[in-house]
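Structure assessment
Residue strings, one per chain:
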Amino acid sequence: MSIFEYNGSALVAMVGKNCFAIASDRRLGVQLQTIATDFQRIFKIHDKLYVGLSGLATDAQTLYQRLAFRHKLYQLREERDMKPETFASLVSALLYEKRFGPYFCQPVIAGLGDDNVPFICTMDCLGAKELAKDFVVSGTASESLYGACESMYKPNMEPEELFETISQALLSSVDRDCLSGWGGHVLVVTPTEVQERTLKGRMD
C-alpha cells in the first residue's frame, strides 16, 4: 500500500459561474480500519481561497500550518489577501523545497481571483501544478471521481446546481473506494457568501 493511501481520502473542486465548490470525504482511517468519521481535509486560507489536502493526514495538518503561517506573513507585509494563482505558486515552491523528503500530500487549491474569476488547480507531492478550467480531483478515490465528474459536469452552473453536481459526484465515487467515504463536506464559494454543508453517505 502506498503511503498516500494509508489514511484514505477523496477531494474534488469544481468551477461554476463566478463561483466554485470544493468537497471532501470525512473518513480518517489506518489502512482498512476507520479511526474517525469527521476528519477535516479542506482548510480556509481567506474568505475566497480554500485548500484541500489529500494524502497522509499528519502531513496534511503540518502542511496547512505552514501555509497558514506563510499567508499571515504575506498579509502583514502586503496588507492584502493572496491571489489564488500566487498561493498556488507558494504551495508549489514549499513542496518542491522538500522534494528529497516530501510531504505526502496532494493539494487541491480553489479560489476566486480578480473580477471573481474562479481558479482551481491541483499538484503532486513535489509541487508540479495541474491547472484546469472545469474540475480537479485528488486522493484514493480520484479514478472514480474523474469518471463521475466527466459525466456530470457542465460549464457555467449556478451555485445550487454546482452543489448538487459536486455532491452526487463525490458520493457516487467514494462508494467505489473502500478507503474513503463516511459522508462528505462541501463548500460552495460565491463572491458574496460561503455555503458549508455536510453530506450523509453510506456508513460502511
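Please read all numbers here as calculations on a predicted model, not as lab measurements.

In this section: the side chain of His71. Structurally, the position occupied by His71 is in helix 1 (residues 57–78). A relative accessible area of 2% places His71 in the buried class.

Looking now at the sheet that holds strand 6 (residues 49–55). Spatially, 5 strands are ordered 5-6-7-8-9 in an open sheet, and the strand pairing comes out antiparallel. Looking at the sheet topology across the chains shown, the edges are occupied by strand 5 (42–46) and strand 9 (129–132). In this sheet, neighbouring strand axes are inclined to one another by 20° on average, regardless of whether the strands run parallel or antiparallel. Taken together, the 7 bridges between strand 6 and strand 7 (residues 105–112) define a ladder with antiparallel strand orientation. Bridged to Leu53 within strand 7 is Pro107. Docked against the sheet, helix 1 engages strand 5, strand 6 and strand 7, running at close to 5° with respect to strand 5.

Right, let's talk about the environment of Gly8 for a bit. The residue Gly8 is located in the segment before strand 1 (10–15) in this model. For Gly8, a relative accessible area of 0% corresponds to the buried category. Distance in space between the C-alpha atoms of Gly8 and Lys48 is 27 Å, their sequence separation being 40 residues. Ignoring anything within four residues of it in the chain, the contact list for Gly8 reads Arg27, Arg41, Thr140 and Leu179.

In the structure shown here, the tally under the stated rule is 8 salt bridges. The salt bridge involving Asp25 is made with Arg41; its shortest N-O contact spans 3.0 Å. Of this pair, Asp25 sits in strand 2 (residues 20–25) while Arg41 sits in the loop between strand 4 (33–36) and strand 5, and the two are 16 residues apart along the sequence.

Counting 37 residues, the largest nonpolar core has Val12, Met14, Ile22 and Leu170 as its most contacted members. For this core, the elements supplying multiple residues, two or more each, are strand 1, strand 2, strand 7, strand 10 (135–139), helix 3 (142–152), helix 4 (159–174) and strand 11 (184–189). One finds Tyr74, Met82, Val91 and Tyr103 within the second-largest nonpolar core, a separate group that totals 22 residues.

About the criteria used
- Residues numbered from 1 in each chain as written.
- Predicted model: local features only at pLDDT ≥ 70, side-chain atom pairs only at ≥ 80, totals over all residues.
- Heavy atoms only, no water.
- Helix = DSSP H or I, 4+ residues; strand = E, 2+ residues; numbered from the N terminus.
- Buried < 20%, exposed > 50% of the residue type's maximum accessible area, 1.4 Å probe, protein only.
- Pairing = 2+ DSSP bridges.
- Axes fitted to C-alpha atoms, helices over the stretch in contact; angles between N-to-C directions.
- Contact = heavy atoms within 4.5 Å.
- Salt bridge = Lys/Arg side-chain N within 4 Å of Asp/Glu carboxyl O.
- Core = buried A, V, L, I, M, F, W, Y, C linked by side-chain atoms within 4.5 Å.

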